[in-house]
Amino acid sequence: MMFQQNIPLEFNAEVKQALEDGKAVVALESNVITHGLDYPDNVKTALAVEDAVRKSGAVPATIGIDNGTILVGMSREQIECFASASNVPKVSSRDLPMILASGKMGATTVASSLIAAELAGISFFCSAGIGGVHRGAQETMDISADLIQFTRSKVAVVCAGAKNILDIGLTLEYLETQCVPLVSYQSDDFPAFYCRSSGYKSPIRIDDEEIIAKAIEMNWALPGGKGFVITTPTKEGDAIDSQEIELVVQKAVKQAEEEKVKGNAITKHIMKAIEKATYGRSAIANMAVLINTAEVAGRLAVAHHRYKANQ
Ligand code: PSU
Ligand code: MN
């Protein structure tokens, strides 16, 4: 156990070694394990995501909370435990103090995983789908804390955009308003999770990994520069066409509204409805995008590491 600003952190051996050796590390969230996929697909996918990061030459650090401690890198047993335990709460940034005080298990979202990554000295994070501005946010004000956290944590975030159950246009506007740099790697469009395009253009495309690395460093050198978002689309063969599922999404959003599903339970509810409507196809595309994003995140983390070493 190690303390960082009085917060207990527990590193697994692989991550501890990697940080000591100054290797590239990529932090991963655990909410996708507990809330994104069903058991045992979630275990299989979480392990495959970690392997995808390793395949690119970086070290994965799956983040979670247990025993009043932030876990930085989980063992296989811990992943199995998070994946199979019922009622592990979703922990976003504002929930962190209470879950740490309670000593109970908590599954970290993008937002809270970024806090953990920064505390642990990890500069890259990966999640296929970041939170965003929800459809109907003009009324509900439901905007994911992930977006705010990007303005607070000095961590680069690699993702496949945000799911199109969200309002992608408003999400892009919000990121701009909040001064969050957003770059799309090897694509003109802002992706939407397992859809290669959300239908929206990205503010900028950069294909050169070294330029991305340099831009991240510039951002961190500039006053106030914190999060830096990089998107990568899922592979052609694994993608679902966004127009094809738009009607399904609209129906699921409406149904959630009618059933008065609210707050942080909405995402899971809608994803389940889409899975049902696509006869499980979305669940398969879901796993593929998680793995692909992790592979690219590992590659970009290694490129960033190389860039810094050559400075
Ligand atoms: N996007 C998804 N599925 C998810 C999430 C996001 O497509 O399960 C999770 C992630 O953990 C993300 C969180 O950080 O939900 C955002 O939740 P909220 O909108 O309540 O902030
Ligand atoms: Mn919300």
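Residues numbered from 1 in each chain as written. Chains lettered and ligands numbered in written order. Predicted model: local features only at pLDDT ≥ 70, side-chain atom pairs only at ≥ 80, totals over all residues. Heavy atoms only, no water.

Here Ala120 lies in helix H6 (residues 110-120). Take Ala120: its relative accessible area is 9%, and that puts it in the buried class. Measuring from C-alpha to C-alpha, the distance between Ala120 and Ala285 comes to 31 Å, with 165 residues separating the pair along the chain. With near-sequence residues (within four places) excluded, Ala120 lies in contact with Leu9, Phe11, Leu19 and Val72. (Helix = DSSP H or I, 4+ residues; strand = E, 2+ residues; numbered from the N terminus. Buried < 20%, exposed > 50% of the residue type's maximum accessible area, 1.4 Å probe, protein only. Contact = heavy atoms within 4.5 Å.)

Once that is clear, we can look at the packing of helix H11 (residues 242-258) against helix H12 (residues 266-277). Contact geometry for H11 and H12: axes closest at 9 Å, N-to-C directions at 135 degrees. When the axis of H11 is compared with that of H12, the two are oblique. Relative to H12, the crossing made by H11 is right-handed. Across from Val248, Val249, Ala252, Val253, Gln255 and Ala256 in H11, the residues of H12 making contact are His269, Ile270, Ala273, Ile274 and Ala277. (Axes fitted to C-alpha atoms, helices over the stretch in contact; angles between N-to-C directions. Parallel < 35°, antiparallel > 145°, perpendicular 65-115°, else oblique. Left-handed = near helix turned anticlockwise from the far one by under 90°.)

Here Thr140 shows up in helix H7 (residues 137-140). Along the chain, Thr140 and Lys262 lie 122 residues apart, while their C-alpha atoms are 9.5 Å from each other.

The next point concerns helix H13 (residues 281-309). An α-helix turns once per 3.6 residues; consequently, residues spaced three or four apart project the same way. Helix length check: H13 (29 residues) gives 42 Å between terminal C-alpha atoms against 42 Å at 1.5 Å per residue, within 8%. With 21 of its 29 residues buried, H13 lies for the most part within the structure. (Expected span 1.5 Å × (residues − 1).)

With that settled, the discussion passes to the site of ligand 1. Around ligand 1, 13 residues are found, and the nearest of them are Glu29, Lys90, Ser144, Asp146 and Lys163. Glu29 places a polar side-chain atom, nitrogen or oxygen, 2.6 Å from an oxygen atom of ligand 1. Note that an oxygen atom of ligand 1 is positioned 3.0 Å from one of the side-chain N or O atoms of Asn31. Residue composition of the shell around ligand 1, by class: two nonpolar, seven polar and four charged. (Near = heavy atom within 4 Å. Polar contact = N/O pair within 3.5 Å; in protein donor to acceptor, adjacent residues only side chain to side chain. Nonpolar A, V, L, I, M, F, W, Y, C, P; charged D, E, K, R; others polar.)

Next up on the list: the UniProt feature "active site" (unreviewed entry) in the protein. Per the UniProt record, "active site" (unreviewed entry) is found at Glu29 and Lys163. Its place among the elements puts Glu29 in the loop between strand E3 (25-28) and helix H2 (31-36). The contact partners of Glu29, leaving out residues within four places of it in the chain, are Thr62, Ile63, Thr108, Thr109, Val110, Ser113, Phe125, Cys126, Ser127 and Gly129. Turning to its location among the elements, Lys163 is positioned in the loop between strand E9 (156-159) and helix H9 (168-177). Non-local contacts of Lys163, meaning those with residues more than four positions away in its chain, are made with Ile130, Ile168, Phe193 and Met271. (UniProt positions renumbered as here; feature names shortened; annotations may be inferred.)

Here the focus is the sheet that holds strand E2 (residues 7-11). Through backbone hydrogen bonds, the strands of a sheet pair up, either in parallel or in antiparallel fashion. Taken in spatial order, the nine strands line up as E1-E2-E5-E4-E3-E8-E9-E13-E10 in an open sheet, and their pairing is mixed. At either end of the open sheet lies a strand with only one pairing partner, and these are strand E1 (2-4) and strand E10 (182-184). Each strand of the sheet is rotated relative to its neighbour by a mean of 30 degrees, with strand direction disregarded. In terms of strand pairing, strand E4 (residues 59-66) meets strand E5 (residues 69-72) through four bridges, oriented antiparallel. Across the sheet, the residue bridging to Ile65 is Ile70, located in E5. Contacts between H6 and the sheet are confined to E1, E2, E3, E4, E5, strand E8 (124-126) and E9, with E2 contributing the most and set at about 85 degrees to the helix. (Pairing = 2+ DSSP bridges.)

We now examine the pairing of E9. Burial along E9 is two-sided: Ala156 and Val158 and Val157 and Cys159, pointing in opposite directions, are all buried. Taken together, the three bridges between E8 and E9 define a ladder with parallel strand orientation. From the neighbouring strand, Phe124 faces E9, where its bridge partner is Ala156. Sheet topology note: the E9/strand E13 (residues 228-231) ladder contains four bridges and is parallel.

We now examine the packing of helix H3 (residues 41-55) against helix H4 (residues 76-84). It is the contact of H3 with H4, at a shortest axis distance of 9 Å, that shows an interaxial angle of 140 degrees. By the criterion of interaxial angle, the relationship of H3 to H4 is oblique. Our pair here, H3 against H4, has a crossing hand that is right-handed. Here Asn42, Val43, Ala46, Leu47 and Glu50 of H3 lie close against H4, whose contacting residues are Arg76, Ile79, Glu80 and Ala83. For the contact of H3 with H4, the residue count by class is five nonpolar, one polar and three charged.

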